[in-house]
Amino acid sequence: MCYAIPGKIQSIDGKTVQVSYFGELRKAYNELHEIAVGDYVYAQGGFIITKVSPGEAEATLSIWKEEFFELQKVDLRISKVNVERSGIDKRLVTILDKASMGQGLGRDDYRYLLGLNDAAALDYLFKTANFLRQKNHGNSCCVHAIIEISNYCKKQCSYCGISALNAGLKRYRMSPEEIIDTAGQAVSDFGFKALVLQSGEDAGYDIRDLEYVIRTIKTKWPSLIFISFGEIGTANLERLYNAGARGLLMRFETSNPAIYRALHPGQGLDARIEHLKAAYKMGYLILTGGLIGLPGQTNEDIVGDILLAQELNAEMFSFGPFIPHFDTPLNANKPADEEMVLKALALSRIIDQKKAKILVTTALETLNPALRKKALASGGNSVMLNMTPLEYRSLYSIYPNRAHEKELIQTQINDTIALLRSLGRAPTDLSI
Ligand code: 5AD
């Protein structure tokens, strides 16, 4: 199974190339040395990651050609906003009409949308977000693999089950060779083109080990590599970029500095934001966002969170529900409200219509498995499948009973592809 469709190089202008997908042209940044017009390539996140032989490309394209357009039709049909507006609040109609036309809205409007509760109004909001997703991104959906390489962490985040405070948790650290083998399987056996390597902070690796891991994966199995090791500092970010990492996944968790301080002893929001800004300047794709449903968080805070993700030039918005973990200081708190998470995803799509990919998180599925489909139909267009070896997966216990904790990767892939197809989505990283 393929998670990217090969494209054909149409023109080259320095590092920028035009790639054709069944006649539709997209721009991508090229870092490969030898590339010529007419070559077939795979692109991810706007980067050309590898050349494909014409034989392989044409075989894959012939499988896709018919289905690609068929799926597009299904998606287009589903994403029409057929709602009865007569009983709906005029303000909502005005706001969503403006949003649909790509016109800017104000903070008051955003707060108002997050405050909606009425079923018909919510349906209208979610459908508008789905319409905007289709209009701006077509039917593509990113399917990335995540490998949780270690659950060691020196931080003491009050919500997180792998925090250093959780002394009872058994810790693991995959060896560089284990990480490389798992990444190799992800790319060569399962067809992933984008990988996220994640760990707790200061997980006990030497930076040279991480450089070695990334360089080896990139050389043996060209792919788009995202790192998610917490605040590793600009010097290390630079080193891992030079080793081949091209994306940084790091949530700022909350844009409210007081909530941030309360939940992250001894740390400040500013340092985290500076880290994200520095990574963006270095050329990293930024994947960021926060937790919905934190104690003390208001709708105004959530609006601020989404605006902050946009300000940080997020390529992908990652907003998921807080789920209490029994072995943390927040164990007695309530989990996030399901609908609020969907509203936040829809609002993210309305605020950042053209650029952002919007992640449907595993935490959301953990809250309720039916929400994955709902979120994909409320603005979402990205998922991550868990490639962490089963022997370690349940130990990466950021919150309890994570969805897919015991599922083979092949099962996750099959279920995801079936779900995407039912919605007319193609598991690709292409956007219009
Ligand atoms: N509920 C939901 N998400 C959590 N994370 C950590 N703890 C929890 C929890 N209890 C998320 C954080 C972090 C990511 C790796 O996991 O947002 O950025």
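Analysis parameters
Residues numbered from 1 in each chain as written. Predicted model: local features only at pLDDT ≥ 70, side-chain atom pairs only at ≥ 80, totals over all residues. Heavy atoms only, no water. Axes fitted to C-alpha atoms, helices over the stretch in contact; angles between N-to-C directions. Helix = DSSP H or I, 4+ residues; strand = E, 2+ residues; numbered from the N terminus. Parallel < 35°, antiparallel > 145°, perpendicular 65-115°, else oblique. Left-handed = near helix turned anticlockwise from the far one by under 90°. Contact = heavy atoms within 4.5 Å. Pairing = 2+ DSSP bridges. Salt bridge = Lys/Arg side-chain N within 4 Å of Asp/Glu carboxyl O. Buried < 20%, exposed > 50% of the residue type's maximum accessible area, 1.4 Å probe, protein only. Domains from an automatic or database assignment. Buried area = accessible area lost by both parts, 1.4 Å probe. Nonpolar A, V, L, I, M, F, W, Y, C, P; charged D, E, K, R; others polar.

## Some remarks on the packing of helix α3 (residues 107-114) against helix α10 (residues 299-311)
Here α3 crosses α10 at 120°, and the two axes come no closer than 9 Å. Between α3 and α10, the angle falls in the class oblique. By crossing handedness, the relation of α3 to α10 is classed as right-handed. Counted together, R107, Y110, R111 and L114 of α3 and N299, E300, I302, V303, G304 and L307 of α10 form the full contact between these two elements.

## Observations concerning the sheet that holds strand β9 (residues 247-249)
Within a beta sheet, neighbouring strands are joined by backbone hydrogen bonds and run either parallel or antiparallel to one another. If you trace the eight strands from one edge of the open sheet to the other, you get β14-β12-β10-β9-β8-β7-β6-β15, paired in parallel fashion. In this open sheet, the two edge strands, each paired with only one partner strand, are β14 (357-358) and β15 (382-386). Inspection of the sheet shows strand β7 (residues 194-199) paired to strand β8 (residues 224-228) by five bridges, in the parallel sense. From the neighbouring strand, A194 faces β8, where its bridge partner is L224. Each of β9 and β10 (285-288) is contacted by helix α9 (residues 269-282), which is oriented at about 155° to β10, the strand it contacts most.

## Focus: the pattern of salt bridges
A full pass over the atoms with the stated rule returns 24 salt bridges. Among the ionic pairs, D75 bridges to R425, the shortest N-O distance being 3.5 Å. Of this pair, D75 sits in helix α1 (residues 54-78) while R425 sits in the segment after α15 (409-422), and the two are 350 residues apart along the sequence. Summarising the burial analysis for this pair, D75 and R425 share the class buried. Put simply, R272 and E253 hold a salt bridge, and the shortest N to O gap is 3.9 Å. Of the two residues, R272 is situated in helix α9 and E253 in the loop between β9 and α8 (257-263); the sequence distance between them amounts to 19 residues. Here R272 falls in the buried class, since its relative accessible area comes to 9%. Each of K155, E201, E231, E253 and R272 takes part in one network of salt bridges that share partners.

## Brief notes about the domain arrangement of the chain
Taken domain by domain, the chain holds domain 1 (7-77), domain 2 (78-136) and domain 3 (138-422). The largest contributions to the domain 1 side of the interface with domain 3 come from Q44, F47 and I49, which together make up 39% of the buried area. Inspection of the region where domain 1 meets domain 3 yields two salt bridges. Of the charged contacts in the structure, one is a salt bridge between E31 and R246, with a shortest N-O distance of 3.1 Å. For the side of domain 1 that touches domain 3, the secondary-structure elements that each account for two or more residues are β4 (40-44), β5 (47-52) and α1. Considering every element that reaches the side of domain 1 that touches domain 3, the biggest residue donor is α1, with six residues. Split into classes, the residues belonging to the side of domain 1 that touches domain 3 amount to six nonpolar, four polar and three charged.

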